[in-house]
Every structure is written in structure tokens, then in C-alpha cells.
Amino acid sequence: MIVTVTLNPAFDHLLFFSKIFMGKLNRAVSTLRMPGGKGINVAGSLAVLGDEVVATGFLGGQGSRAFEGFLRKIGVTTSFTYIDQEIRTDFYIIEDKKNRQSLFIEKSSHIELRYLNSFKANFKRLLHSAKLVEIGGSLPKGIPPNFINELILSANKKKVKVVLNLQESILKECLAGSSSFIVCPDLRESCYIFGEDLCNAASRHKAAQWLLNKGAEIVILKYGDLCYFVAKKDEVWEGEIGIEGSNVIMLGVRDGMLAGFIHNYLKTNDIGEALKFGLGVALSTAQNKMSYLHSKKQAEELCVMAKLRKIA
Amino acid sequence: MKKVKDFITRDLTSVTEDTPLKEVAELLSIRELIGIPVVNKKNEVTGWISETDIITSIFPEKVKIENPDVIHLINISQVVKKLTRVGQAMVRDYMIKDVYFVDEDTPASYVVELMLHKDFKRVPVVRNKRLVGIVDRSSLSRILLEEGSID
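Every chain is numbered on its own, with residues counted from 1 as its sequence reads. Whichever chain is written first is A, and whichever ligand is written first is 1; the rest continue in order. pLDDT decides what is reported in this predicted model: residues at 70 or higher carry local features, side-chain atom pairs at 80 or more are listed and counted, and totals for whole chains, interfaces and linings draw on all residues regardless. Side-chain calculation: all heavy atoms of the structure are included, whereas hydrogens and water are not.

Caption draft 1: A look at the overall build of chain A. By definition, any uninterrupted DSSP run of H or I lasting at least four residues is a helix, any uninterrupted run of E lasting at least two residues is a strand, and each is numbered from the N terminus. A count of helical and extended segments in chain A gives nine helices and 17 strands. Rg of the C-alpha trace for chain A: 19 Å, near the compact-globule value of 20 Å for 312 residues, within the 12% margin. Each of the three principal axes of chain A carries a C-alpha extent, and together these read 55 × 45 × 35 Å. Working definition: with a 1.4 Å probe on protein chains only, accessible area under 20% of the residue-type maximum means buried, over 50% means exposed, and in between means partly exposed. Expressed as a percentage of the 312 residues in chain A, the buried residues total 58%. The contacts in chain A between residues at least 6 apart in sequence include a share of 65% that link residues at least 24 apart. The method behind every accessible area is Shrake-Rupley, applied with a 1.4 Å probe, and residues are considered shielded solely by the protein chains displayed. Looking at chain A as shown, the accessible area adds up to about 13000 Å², and 50% of this sits on carbon and sulfur atoms. For chain A, the separation between the mean place of its 40 positive charges and that of its 31 negative charges on side chains is 3 Å. Radius of gyration: C-alpha atoms only; globule rule: 2.2 Å multiplied by the number of residues to the exponent 0.38. When checking whether two residues touch, look at their non-hydrogen atoms; a contact exists if any pair is within 4.5 Å. Counting rule applied: Lys, Arg positive; Asp, Glu negative; His and chain ends not counted. Note that the charge is assigned to NZ on lysines, CZ on arginines, CG on aspartates and CD on glutamates.

Structural data, given as C-alpha cells:
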């Protein structure tokens, strides 16, 4: 069983427009509402790939039941801690004619200590049946900086593999004294990490080396829309897959890549193969309006289009 | 024949034996549930706690519906004392320990029998004793109506 942790989940509300006129009344052509958050997206893709996956984190308010119901429908088991606040909604605005996609993120909840303790106890119980834990996304208010580190150490103690899909500032805090299986920094807002420009090949090596030295077994770095650099201690790969056309939606695409990589690597132990399959899952997710891939079969068909290079 | 895995609700919402009863009441209310599994540190099902268990812990005497005035006969100060005590109590004090559970390969017909004969509305589903979900009457009814038959 794989456990995904999303401490700051939100509904993703997608509004499709042909064109937006700022300062005017705009009517959406269509809308979609679905559960979101990095760990949630990974859970959705893993479930579609056939993995047994449990999504955990904080949920609250009237929206919780719909949120969980949606996840269960696609095969994700839910095990959330309930707080006394309504779940956030993030708005994703898609303009067809301009081929432009904008994300508006709502302010996060404040988590009280009693809920943190309840979450921690639940997380520890889930570790008894878990083979891998994926922790992704941002942190809501009230979560101390060492909280993720505590979760990682609990997983390390139980010999459960840990995958981190977090922002640079959180990664710096949580890597101390712990070991992780995969580190895939959240690079939505920047192509820089630890002062290194990932568009530069030499800088990618440096950034990956820094993370490997911090106890990561595998490092995955994004340096373009669907361009990835994957490094292990003694092996490095780069890969990309073309993403063209106006029908692609980038929501959940990078999380789909990570889910595909995890799914494949746990079976093959081959980072080249896992990267190739991950790119197929990412493209299948981009072609799906939801935040997870269309199907495993489609991902398998698409992954042959990936261009891979073994660097070392 | 349909099996539990065909209509299981993959929900692991649960409490532990040391959860305060007050928190259970809050959780049942937020989630609009009538009962919830009790698990140990390994996520193994050890019991069941329901809203009925909480209410009867406060009003153990049976209140007769045909005589609503009976509620006034209960000493109010005793009820307040009891409420304070119950509010501080833990799940272990009021949970049902002889809990029935099924596994994912249990036939639907067995679950129907269990729910009807024991008057259960929700039954925990386990794998190697660990909680993996819940079956409830509504999802069971839905699957039965979809299929037209349990076989």
C-alpha cells in the first residue's frame, strides 16, 4: 500500500473560457470541480495505474464528503483528519484562444495542535501497512517547520520508503538527519533550486548532488514543461516528451509524472524505464481534463514518444 | 456472486480506544455517521463505537416514548454530573468489543444476512485484522439494485 500525504488539500475548480476580458463580465463555457493538492493528484494517478493507495491529510467542512467521495470513486482509499474549517478552493482559469492557464490559490487553513496530534497518530497507524509514503504540496498555517521531518523519521523507523514532492524551503528544513527514497522538488514557481539554474545542465548535476548528499536515493528535477533530469548515486538520465496543442491542461501533470515513475520503479528498479513511463503518464494526464491520467493503456502507448538520454 | 470488494467504501475513518468520547461525538456529527470502528496502534479493528453507545452512556435508563413526561423525572443534577463524566471518558469505556467484521472476499449474501439479523447499518472490512474500509446498507442496496440479484 502507498500512502500519500496532502496537508493542504483544496478543491480544484476549473473554469474554461474562450477568451477573458479583464474588468468585464465573463461567462465560462464549461466548469469542472475535483479534489486537488499534490499528494491527492499523485494518489489519483497511482489508483488509475492499479496501485492500492491511501490519501491522508486534513479536510473540513461541507465539501469534505464530496471530496472523499470523488477520490473513492477512482479507487483511492481515504483516511483524513477532520478540522473545523472549510476546505479551500483553488481556481484554474483556462483561456482556449490565448492558450493560457492561470492558477489562483486561496489562503490556507490554520491547523490547531489537537488536529496535528490526531493526524500524527493516524499517520503512524497507516505506516504499519505501507510500503511507501509520498508527502507533497504546501504546508497550511500552524504546522511547525520540523513537522515533515517528524513524519519522515517515523517512516524511516518503520523502514517505509519516503518520496518528497515539496518546495525548496520545506525540503531544506526536513532533510536533516533523515533518509528519503525519492526527492522531486516542487518547481512550479521557479526553475532555480539551491541557487542553481536548472536550465543549465551543469547546475542540474550540482543541485542533484546536493540532494543525494542529503540522503536522497533518487533525485528528480524538472527543467522544462515535460523535461526531467533523474539521478541516482551512479546513474543519470534525462528525458522529455513533446506536449503540444491547445487541448492540454497542465494541472496534475508533474504529479502524474511522479506517480508513473514510482509505479514503474517499484516494479523494475530501473530509473531509465521509470522515467520513460513517468513521461507517458504525464502526457496522458495532460490530455485528460482531470488531474490524473486517462488510462494505464494510454500511458503505455504514449511513453514510446519519450526521448531519453543516459548521461552517466 | 458479488463480494464485499465490489461495494466496499474505502474509508479508514476510525478512532482509538484512548480517544475522548467528546471527540467521537464531534467526528460522528461532522461526518454524519452513526458509528465508527475502533482500532489499535497497528490499525487492527478492536471494537465499535456508535452514537447509541454515547447516548445510552448518558441516559442508561430506557425513556419510554409513549410517556414523554418521564424525561422530567430524571434528576437534572445527576444528568449534569453524568454528562461531565462522559465528556471526559474515553472510547474504551463505552465501546463494543465483540465487533463483527468481514473481509473483502465475503459474499454479499452473508453481509445482507448479518445486517438484517443483527440490525447493523455499517460493518468494518478487514484484511489481516487491519481496517481497509466499511460496508454500509446504502452501498449494499445500490449494488443489489444494480445487479437485480446478489448471485
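Caption draft 2: Molecular detail of the overall build of chain B. Along chain B, the regular secondary structure elements total six helices and six strands. Its helices and strands in sequence order give chain B the pattern β-α-β-β-α-α-α-β-α-β-β-α, from N to C terminus. When the 151 residues of chain B are sorted by exposure, 41% land in the buried category. A total of about 8900 Å² of accessible surface is found on chain B, and carbon and sulfur atoms cover 53% of it.

Caption draft 3: Spotlight on the sheet that holds strand β6 (residues 130-136) of chain B. All names here are of chain B. Spatially, the three strands line up as an open sheet ordered β4-β5-β6, and their pairing is mixed. The open sheet terminates on both sides in strands that have one partner only, identified here as β4 (102-103) and β6. One bridge is not enough; two strands pair if DSSP finds at least two bridges between them. As paired strands, strand β5 (residues 122-127) and β6 are joined by six bridges and run antiparallel to one another. Residue pairing across strands places Val125 opposite Gly133, the latter belonging to β6.

Caption draft 4: Highlighting the sheet that holds strand β3 (residues 45-50) of chain B. Residue and element names in this part refer to chain B. Within the open sheet, the three strands sit side by side as β1-β2-β3. Their pairing is mixed. Strands with a single pairing partner mark the edges of an open sheet, and in this sheet they are β1 (15-16) and β3. Note that strand β2 (residues 35-39) and β3 share five bridges and pair antiparallel. Across the sheet, the residue bridging to Val39 is Val45, located in β3. All axes here are fitted lines through C-alpha atoms, helices being fitted over the stretch that makes contact, and every angle between N-to-C directions spans 0 to 180 degrees. Where helix α1 (residues 21-31) meets the sheet, it contacts β1, β2 and β3, and its direction lies at approximately 135 degrees from that of β2.

Caption draft 5: Up close: the interface of chain A and chain B. The interface of chain A with chain B comprises 16 residues on the first partner and 19 residues on the second. By convention in these notes, a salt bridge is any Lys or Arg side-chain nitrogen within 4 Å of a carboxyl oxygen on Asp or Glu. For the pair chain A and chain B, the interface holds five salt bridges. Between B:Asp11 and A:Arg72 there is a salt bridge; the shortest N-O distance is 3.6 Å. Polar contacts, as counted here, are pairs of nitrogen or oxygen atoms within 3.5 Å of one another; within protein the pair requires one atom able to donate a hydrogen and one able to accept it, and residues that are adjacent in sequence qualify only if both atoms are side-chain atoms. Where chain A packs against chain B, one counts nine residue pairs in polar contact (both at pLDDT 80 or more). Of all the elements in the fold, those that place two or more residues in the side of chain A that touches chain B are α2 (63-73), β5 (77-78) and α3 (113-127) of chain A. A per-element tally of the side of chain A that touches chain B places α3(A) first, with four residues.

Caption draft 6: Main features of the confidence of the model for chain A. One confidence number per residue, pLDDT, is output by the predictor and ranges from 0 to 100. Confidence in the prediction of chain A, expressed as mean pLDDT, is 92, and 99% of residues score 70 or more. Within chain A, no element has a lower average pLDDT than strand β12 (residues 192-193) of chain A, which sits at 84, and none a higher one than strand β1 (residues 2-6) of chain A, at 98.

Caption draft 7: Structural view of the side chain of B:Glu104. All names here are of chain B. Here Glu104 lies in the loop between β4 and α5 (108-118). Within polar-contact distance, the side chain of Glu104 engages the side chain of Arg10 at 3.3 Å. If we skip the residues at most four places from it in the chain, Glu104 touches Lys3, Val4, Lys5, Arg10, Val125, Val126, Arg127 and Val132.

Caption draft 8: Region of the structure containing a positive patch on the surface. Any residue with relative accessible area above 30% and no salt bridge may belong to a patch, with like charges joined within 9 Å and the nonpolar Val, Leu, Ile, Met, Phe, Trp and Tyr side chains within 5 Å. A cluster of basic side chains, namely A:Lys124, A:Lys157, A:Lys158, B:Lys41, B:Lys42 and B:Lys129, defines a positive patch on the protein surface. Relative to the helices and strands, A:Lys158 is located in the loop between α4 (147-157) and β10 (161-165). Relative accessible area serves as the criterion here: at 43%, A:Lys158 is assigned to the partly exposed category.

Caption draft 9: Inspection of the environment of A:Cys191 at higher detail. Residues and elements named next belong to chain A. For Cys191, the location among the structural elements is in the loop between β11 (180-183) and β12. In this structure, the C-alpha to C-alpha distance between Cys191 and Leu221, residues 30 residues apart in sequence, is 9.3 Å. If sequence neighbours within four positions are ignored, Cys191 has contacts with Glu196, Asp197, Leu198 and Cys199.

Caption draft 10: Expanded view of the pairing of strand β8 (residues 100-104) of chain A. Sheet topology places strand β7 (residues 88-95) of chain A next to β8(A); five bridges connect them, and they run antiparallel. Along β8(A), the bridge assignment pairs A:Ile94 with A:Gln101.

Caption draft 11: Summary view of the packing of helix α7 (residues 253-268) of chain A against helix α8 (residues 271-286) of chain A. Residues and elements named next belong to chain A. Contact geometry of α7 with α8 gives a least axis separation of 7 Å together with a crossing angle of 145 degrees. Handedness of the α7/α8 crossing: right-handed. Touching Val253, Gly256, Met257, Gly260, Phe261, His263, Asn264, Tyr265 and Thr268 of α7 are Ile271, Glu273, Ala274, Leu275, Phe277, Gly278, Leu279, Val281, Ala282, Thr285 and Ala286, all from α8. Each residue gets one label: Ala, Val, Leu, Ile, Met, Phe, Trp, Tyr, Cys and Pro are nonpolar, Asp, Glu, Lys and Arg are charged, and the others, such as Gly, are polar. A breakdown of the residues in the contact of α7 with α8 according to their chemical character gives twelve nonpolar, seven polar and one charged. Here a crossing is taken to be left-handed if its near helix is turned anticlockwise relative to the far helix by less than a right angle, and right-handed if that turn runs clockwise.

Caption draft 12: Here's a closer look at the pattern of salt bridges. Enumeration over the complete set of coordinates arrives at 21 salt bridges over all chains. One network of salt bridges, with partners in common, ties together A:Glu52, B:Arg10, B:Glu104 and B:Arg127.

Caption draft 13: Highlighting the packing of aromatic side chains. Residues and elements named next belong to chain A. Here the aromatic set is Phe, Tyr and Trp, taking the six-membered ring for Trp, and pairing holds for ring centres within 6.5 Å; pairs whose planes are under 30 degrees apart are stacked, those over 60 apart are edge-to-face, and all others are tilted. For the coordinates displayed, the defined rule picks out nine aromatic pairs over all chains. Look at Phe58 and Phe119: their rings are 5.2 Å apart centre to centre, the planes differ by 40 degrees, and that puts the pair in the tilted class. With Phe58 in strand β4 (residues 53-60) and Phe119 in helix α3, this pair connects stretches of sequence that are 61 residues apart. With respect to burial, Phe58 and Phe119 carry one shared label: buried.

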